[in-house]
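Given next are the chains, with one letter for each unit.
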Amino acid sequence: MNVEFFAALDALQTETGIPKEYMVEKIETALITAFRRDVNNANVKVFLDENKKEMKVFQLKDVVETVENPDLQIDLESARKIRRRYDIGSVAEIEFKPKNFGRISAQTAKQVIIQGIREAERGILLKEYESKKEELISANVYKIDPPTGNAILDIGKGEAVLTKSEQIPGEVIREGERIRVYVIEVKNQHRGPLITLSRRHSGMVRRLFELEVPEISDGTVIINAIAREPGSRTKIAVSSTNPDVDPIGSCIGSKGGRINAVVSELGEEKIDIIKYSEDPVEYIKSALSPANAIEVDVNEEERSCRVTVEPSQLSLAIGKEGQNARLAAKLTGYKIDIKTSAAV
């Protein structure tokens, strides 16, 4: 039985990734719990030797002249039948065969071991997805919950929920398809890791460009800021550490191949790529593209500015329902007031 027991531990480690040492500790706890249940909270010692493939349980009893508590004490004559060297004051080790466990005790041991496996699996999953925080992962859509619109995703070693509120507005996610999601947060809970996923987060856009643009992944092109209204439009400010590398052209790619790949993943969301500048005037002008600003008057203390545009450019600068100006303000961190040259 011992050989089979240790072989089962090896198989468990291979199949689940749960360290053998962890399970040995849990099994020792299980055996102690089961034994104490059988013999009124007796003192117990568990011995597991992987090298010899041995598993033994010992009841510990104090060697005394007169026994008052048989569960905790043993007389000298009986002790010396086990081992001659025992004397008054010694602690006798009496082997107890696990196969002799009662039904209830055996069930207790089984429950402790199962609980140990579940805890280890949760720990492994937590560690794995903590390392993927703020990263993209691919997942299969296992199920769509009609009342809520939440998508249940198969993430490999478990399931996670992409809530309706974290989906891109207007997109239709179907059961059976494979999608990319951004891992916002991973929390440890009693029932297992709580993984918060999103397709709305601006971090998703950043990671998609890192996948598509080698110059970003190698650090030549830097994404300085992102402002996003999911499903509608995103503005990205980029710069280059190499004067010979065009950051905007790198992100767009040959014939728009790189940016189109990102747009396709985001459900045809429009993306404006603008050049970042340390000069707030130039930065704000770029952020308002495709509109052309005549003048930008910046108030550094209040982080605000007044932008002057031609009357023909006003609607373009503000954008539909104020979106262009709103995204530009979010991208630059400046409150933007847009006026026409005719109003100055």
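For the structure itself, look to the data block above.
Worth saying up front: this structure is predicted, and the values here are computed from it rather than measured.

Peer 1: Mind showing me how you'd approach the overall build of the protein chain here?
Peer 2: Within the protein chain one finds eleven helices and 15 strands. Computed over C-alpha atoms, the radius of gyration of the protein chain comes to 33 Å, more than 25% over the 20 Å expected from 2.2 N^0.38 for 344 residues, which places it beyond the range of a compact globule. Overall, the C-alpha framework of the protein chain stretches about 110 × 45 × 40 Å when taken along its three principal axes. Burial status across the protein chain gives 40% buried among its 344 residues. Of the contacts formed within the protein chain by residues at least 6 apart in sequence, a portion of 56% connects residues at least 24 apart. Counting every atom, the protein chain has about 19400 Å² of accessible surface; 46% of that belongs to carbon and sulfur. Computing the positive centroid from 50 side-chain charges and the negative centroid from 55, the protein chain places the two 4 Å apart.

Peer 1: Would you take a moment to explain the packing of helix 5 (residues 202-212) against helix 8 (residues 257-265) for this structure?
Peer 2: Any two packed helices are characterised by how steeply their axes cross, that is the angle between the axes, and by the distance between the axes. The contact between helix 5 and helix 8 brings their axes to 9 Å, and the two run at 140°. What the angle tells us is that helix 5 and helix 8 run oblique. Classified by chirality, the crossing of helix 8 by helix 5 is right-handed. On the side of helix 5, the interface is formed by Met-204, Leu-208, Phe-209 and Glu-212, while helix 8 contributes Arg-258, Ile-259, Ala-261, Val-262 and Glu-265.

Peer 1: What is the right way to look at the side chain of Glu-171 in this model?
Peer 2: Mapping Glu-171 onto the fold places it in the loop between strand 7 (159-162) and strand 8 (178-189). A residue is classified by how much of its surface remains accessible, and Glu-171, at 19% relative accessible area, is buried. Reaching out from Glu-171, the side chain makes a polar contact with the side chain of Arg-199 at a distance of 3.0 Å.

Peer 1: For this particular structure, what's the right way to read helix 11 (residues 323-332)?
Peer 2: Along an α-helix, a turn takes 3.6 residues, which lines up residues three or four apart on a common side. The buried fraction of helix 11 is high, at seven of ten residues. All of the buried residues along helix 11 are Gln-323, Asn-324, Ala-325, Leu-327, Ala-328, Leu-331 and Thr-332. Looking at the buried side of helix 11, the elements it contacts are strand 10 (221-229), strand 11 (233-240), strand 12 (270-275), helix 9 (280-287), helix 10 (314-318) and strand 15 (335-340). A positive phi of about 85° marks Gly-333, the residue just after helix 11.

Peer 1: Which parts of the structure should I look at to understand the packing of aromatic side chains?
Peer 2: To describe a pair of aromatic rings, one takes the distance between the centres and the angle between the planes. Going through the model one piece at a time under the given rule, you end up with one aromatic pair. Taking 4.8 Å as the distance between ring centres and 75° as the angle between the ring planes, the aromatic pair formed by Tyr-276 and Tyr-283 counts as edge-to-face. You can call Tyr-283 buried: its relative accessible area is 6%. Taking the ring centre of Tyr-334 as reference, the NZ or CZ of Arg-303 above it sits at 4.0 Å.

Peer 1: It is not clear to me how the pattern of salt bridges should be interpreted in this structure. Could you clarify?
Peer 2: Scanning the entire structure with this criterion turns up twelve salt bridges. Glu-171 serves as the salt-bridge partner of Arg-199, at 3.0 Å between the closest nitrogen and oxygen. Of the two residues, Arg-199 is situated in the loop between strand 9 (192-198) and helix 5 and Glu-171 in the loop between strand 7 and strand 8; the sequence distance between them amounts to 28 residues. Both residues of the pair, Arg-199 and Glu-171, count as buried. One continuous salt-bridge network, built from bridges that share partners, spans Glu-135, Arg-207 and Glu-210.

Calculation notes
- Residues numbered from 1 in each chain as written.
- Predicted model: local features only at pLDDT ≥ 70, side-chain atom pairs only at ≥ 80, totals over all residues.
- Heavy atoms only, no water.
- Helix = DSSP H or I, 4+ residues; strand = E, 2+ residues; numbered from the N terminus.
- Rg over C-alpha atoms; globule rule 2.2 N^0.38 Å.
- Buried < 20%, exposed > 50% of the residue type's maximum accessible area, 1.4 Å probe, protein only.
- Contact = heavy atoms within 4.5 Å.
- Areas by Shrake-Rupley, 256 points an atom, 1.4 Å probe, with all protein chains shown as cover.
- Lys, Arg positive; Asp, Glu negative; His and termini not counted.
- Charge placed at Lys NZ, Arg CZ, Asp CG, Glu CD.
- Axes fitted to C-alpha atoms, helices over the stretch in contact; angles between N-to-C directions.
- Parallel < 35°, antiparallel > 145°, perpendicular 65-115°, else oblique.
- Left-handed = near helix turned anticlockwise from the far one by under 90°.
- Polar contact = N/O pair within 3.5 Å; in protein donor to acceptor, adjacent residues only side chain to side chain.
- Phe/Tyr/Trp six-rings, centres within 6.5 Å; stacked < 30°, edge-to-face > 60°.
- Lys NZ or Arg CZ within 6 Å of the ring centre and 35° of its normal.
- Salt bridge = Lys/Arg side-chain N within 4 Å of Asp/Glu carboxyl O.

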